[in-house]
Structure formats: structure tokens, C-alpha cells
Amino acid sequence: GAVVSQHPSRVICKSGTSVKIECRSLDFQATTMFWYRQFPKQSLMLMATSNEGSKATYEQGVEKDKFLINHASLTLSTLTVTSAHPEDSSFYICSASPLAGPTREQYFGPGTRLTVT
Amino acid sequence: GENVEQHPSTLSVQEGDSAVIKCTYSDSASNYFPWYKQELGKGPQLIIDIRSNVGEKKDQRIAVTLNKTAKHFSLHITETQPEDSAVYFCAGGNTGTASKLTFGTGTRLQVTL
């Protein structure tokens, strides 16, 4: 149980284009989904928290107009990197927190490696 | 906000030996402390967690201890195996409304034959 998928696993795009990454909880409903960014050999940096049906809460320093987050349902959240630039190249990982129970665990997806050329 | 420190950054042990990774946290309101294992090119995998109403939790070869007074918690892996080699992250958070986690900087564990 508690499986989270991400699509695509890898994407290469040209500078100036937009890229959408999907995060799905496959076997549970998620009240909250989180988006992280991870640079090589570094820790996870929280970008934003999204709750189904409401606007995402962005961490300080994260541009909300550049990283658009939509949490359309209890099993799907999307991150769109708009007007991507080479410095946006990174490993993007989502996590989902189950709706049921008080536990509040976060289960992570396999990540999406974005390369902007 | 919460600050989580983790050490060591790298740890090499021989197969069969034990490995211990330690973390400290700053926010006394934090009450949830998960540990994640991340293999190269993959997302983190939750391996064990502990809540502040418990001092110790064990799952087969993995155990976690929590000292609320000192604000530190540790991961213990016994009888290490080569497949335990990975990067391990500790995290701290509150199970309240935000449920955000603050991650440590990671420990690269290498289990040698």
C-alpha cells in the first residue's frame, strides 16, 4: 500500500518552454501533497504544500508564478514549471499524506529528473 | 521554524556490523520523526517513524529512539547488509494542520563486504 507515482520520470525540455509533472496517489486518497526539489547529493527542499481544492502554500523564496501547482483531486497534483531555464534543472519529488487516520506520514513518488537545455 | 541536524554525513560499516545515525531538532512542538532511505535516482522510502509519545520503536533490524528532553533521535540498523547501502534522511515535523517535514542533510551509508 501507500504507492505514489510520478510522470514523467525524466524530461528534457528547451529553455523557455513549460513542463508539467504529475503526482498520483495510487491506492489511497491524499488530503495533502507536497512538492520537493533535490539537487545532487543534497537534501530535500520543500517547495510547496498543496491541499485538494485550495491554493498551494509556497515556501519562502519559491516563485509561485513560476512553479504552478494544481491539486485537482484527492489523488492527483500537478507541478508546472513555466518558462523553464537551465537553473531549473533538478530532481523534483512529490509526496502524499493519507486522508485517513491521524498518522500524517508522507509517502514519496519516484521523482522526476528535469533537464533544461 | 524547525531545524534538523544530522550526522555523520557518511558512514562506512562492514557487513554484519551495526550502524547508528543521529539527528537533533530545534522545535519542541515537533512530534513526528520519520526516517527515509533513498537509493540513487529514486524517491525516498519511509522505513520507520516515531512519535513523541514513544521513546523507542523497532521493526526487525531497524530501530529508532527518541529523547524529547534532549531533542534528539537516532536510527539503529543491526546486522547490516549490502542492500542497506543508501542515503538515509531523518526528518521532523508536527502532525497538526501543516504536516510539513524538515529534513536533515542526509547520511550516506556504505556497507562493505
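Residue positions within a chain follow its written sequence, with the count starting from 1. Key to labels: chains lettered from A, ligands numbered from 1, both in the order written. Given that this is a predicted model, residues contribute local features only at a pLDDT of at least 70 and side-chain atom pairs are listed and counted only at 80 or more, while totals for whole chains, interfaces and linings are drawn from all residues. Hydrogens and water are ignored here; the side-chain numbers use all heavy atoms of the structure.

### Some words on the overall build of chain A
We count it as follows: A run of DSSP states H or I qualifies as a helix once it reaches four residues; a run of E qualifies as a strand once it reaches two. Both are numbered from the N-terminal end. With the radius of gyration taken over C-alpha atoms, the globule rule is written as 2.2 Å times the number of residues to the power 0.38. The classification of residues rests on relative accessible area computed with a 1.4 Å probe and restricted to protein chains. Under 20% of the type maximum is buried, over 50% is exposed, and intermediate values are partly exposed. It only takes one pair of heavy atoms within 4.5 Å for two residues to be counted as in contact. Throughout, the Shrake-Rupley method with a 1.4 Å probe supplies accessible areas, and for residues the shown protein chains are the sole cover considered. Residues scored as charged are limited to Lys and Arg (positive) and Asp and Glu (negative), so that His and the chain ends carry no count. A charged residue contributes its charge at one atom only: NZ of Lys, CZ of Arg, CG of Asp or CD of Glu.
A tally of helices and strands in chain A yields 0 helices and 11 strands. When the helices and strands of chain A are placed in sequence order, the string is β-β-β-β-β-β-β-β-β-β-β. On C-alpha atoms alone, chain A measures out to a radius of gyration of 13 Å, which is about the 13 Å that the 2.2 N^0.38 rule sets for 117 residues. With the C-alpha coordinates of chain A rotated into their principal frame, the extents come out at 45 × 25 × 25 Å. With 117 residues in all, chain A has 49% of them scored as buried. Counting only contacts in chain A whose residues sit at least 6 apart along the sequence, the fraction spanning at least 24 positions is 56%. Carbon and sulfur atoms make up 52% of the accessible area of chain A, which totals about 5,700 Å². Across chain A, the mean location of the 11 positive side-chain charges is 6 Å away from that of the 9 negative side-chain charges.

### What about the sheet that holds strand β8 (residues 76–81) of chain A?
Residue and element names in this part refer to chain A. Quick reminder of the rule: Here a strand pair is declared whenever DSSP counts at least two bridges between the two strands. Here, axes are lines fitted to C-alpha atoms. For helices the fit covers the stretch in contact, and angles between N-to-C directions go from 0 to 180 degrees.
Pairing within the open sheet is antiparallel, and its 4 strands lie in the order β1-β3-β8-β7. The outermost strands of the open sheet, each flanked by one partner alone, are β1 (4–7) and β7 (67–73). Put simply, the sheet's adjacent strands are angled 15 degrees from each other on average, direction ignored. For β1 and strand β3 (residues 19–25), the ladder comprises 4 bridges, and the chain directions are antiparallel.

### Describing the interface of chain A and chain B
Accessible area lost on assembly of the parts is the figure often given for the size of an interface. Here is the rule we go by: Throughout, buried area stands for the accessible area (probe radius 1.4 Å) lost by two parts on being put together, summed over both. In what follows, salt bridge is the name for a side-chain nitrogen of Lys or Arg lying within 4 Å of a carboxyl oxygen of Asp or Glu. Contacts described as polar in this section are N or O atom pairs within 3.5 Å, which, within protein, must combine one atom able to donate a hydrogen with one able to accept it, while residues neighboring in sequence count only if both atoms come from side chains.
Facing 21 residues of chain A, the contacting portion of chain B comprises 22 residues. With both chains or domains summed, chain A and chain B bury close to 1,500 Å², and 54% of this area falls on carbon and sulfur atoms. When the buried surface of chain A facing chain B is broken down by residue, R104(A), Q106(A) and F108(A) rank first, second and third, together holding 30% of it. On inspection of chain A and its partner chain B, the count reaches 2 salt bridges. A salt bridge links E59(A) to K100(B), with the shortest nitrogen-to-oxygen separation between them at 3.1 Å. Connecting chain A to chain B are 5 residue pairs in polar contact (both at pLDDT 80 or more).

### Looking at the sheet that holds strand β1 (residues 4–7) of chain B
Residues and elements named next belong to chain B. Strand order in this open sheet of 5 strands is β1-β3-β8-β7-β6, and the pairing throughout is antiparallel. Two strands lie at the open edges of the sheet, namely β1 and β6 (56–59), each paired on one side alone. Mean inter-strand twist for the sheet, computed between neighbouring axes without regard to direction, equals 15 degrees. Inspection of the sheet shows β6 paired to strand β7 (residues 62–67) by 4 bridges, in the antiparallel sense. When the bridges of β7 are listed, E56 appears paired with T65.

### Examining the layout of surface pockets
Quick note on the threshold: Here the term cavity refers to a set of points on a 1 Å grid, laid over the protein atoms alone, in which a 1.4 Å probe fits but cannot get out; the term pocket refers to an open set having protein on both sides within 12 Å along at least five of seven lines, with lining residues being those that place an atom within 4 Å of a point. Grid points are joined across faces, edges and corners, and a volume is the space filled by probe spheres set on the points. By the convention adopted, Pro, Cys, Tyr, Trp, Phe, Met, Ile, Leu, Val and Ala count as nonpolar, Lys, Arg, Asp and Glu as charged, and the other residues, Gly among them, as polar.
If you add up the space inside the largest pocket, you get close to 500 Å³. Contributing to the lining of the largest pocket are 24 residues, with K41(A), Q38(B), L40(B), V87(B) and R108(B) lying nearest its centre. Those elements that place two or more of their residues in the lining of the largest pocket are β9 (86–93) and β11 (107–112) of chain B. Broken down by element, the lining of the largest pocket gets its largest block of residues, 4 residues, from β11(B). The class makeup of the residues in the lining of the largest pocket is 8 nonpolar, 11 polar and 5 charged.

### Some points on the nonpolar core
Applied cut-off: Buried Ala, Val, Leu, Ile, Met, Phe, Trp, Tyr and Cys residues that are joined via side-chain atoms within 4.5 Å together make up what is termed a nonpolar core.
Counting 24 residues, the largest nonpolar core has W35(A), F67(A), L79(A), Y92(A) and L114(A) as the members making the most contacts within it. Elements represented by at least two residues in this core include exactly β2 (10–13), β3, β4 (30–38), β5 (44–51), β7, β8, β9 (90–98) and β11 (112–116) of chain A. Excluding residues that lie within four positions of it along the chain, L114(A) makes contacts with V11(A), C13(A), V19(A), V81(A), D88(A), S89(A), S90(A) and Y92(A). Membership of the second largest hydrophobic core comes to 23 residues, among which are V4(B), F33(B), I62(B) and V111(B).

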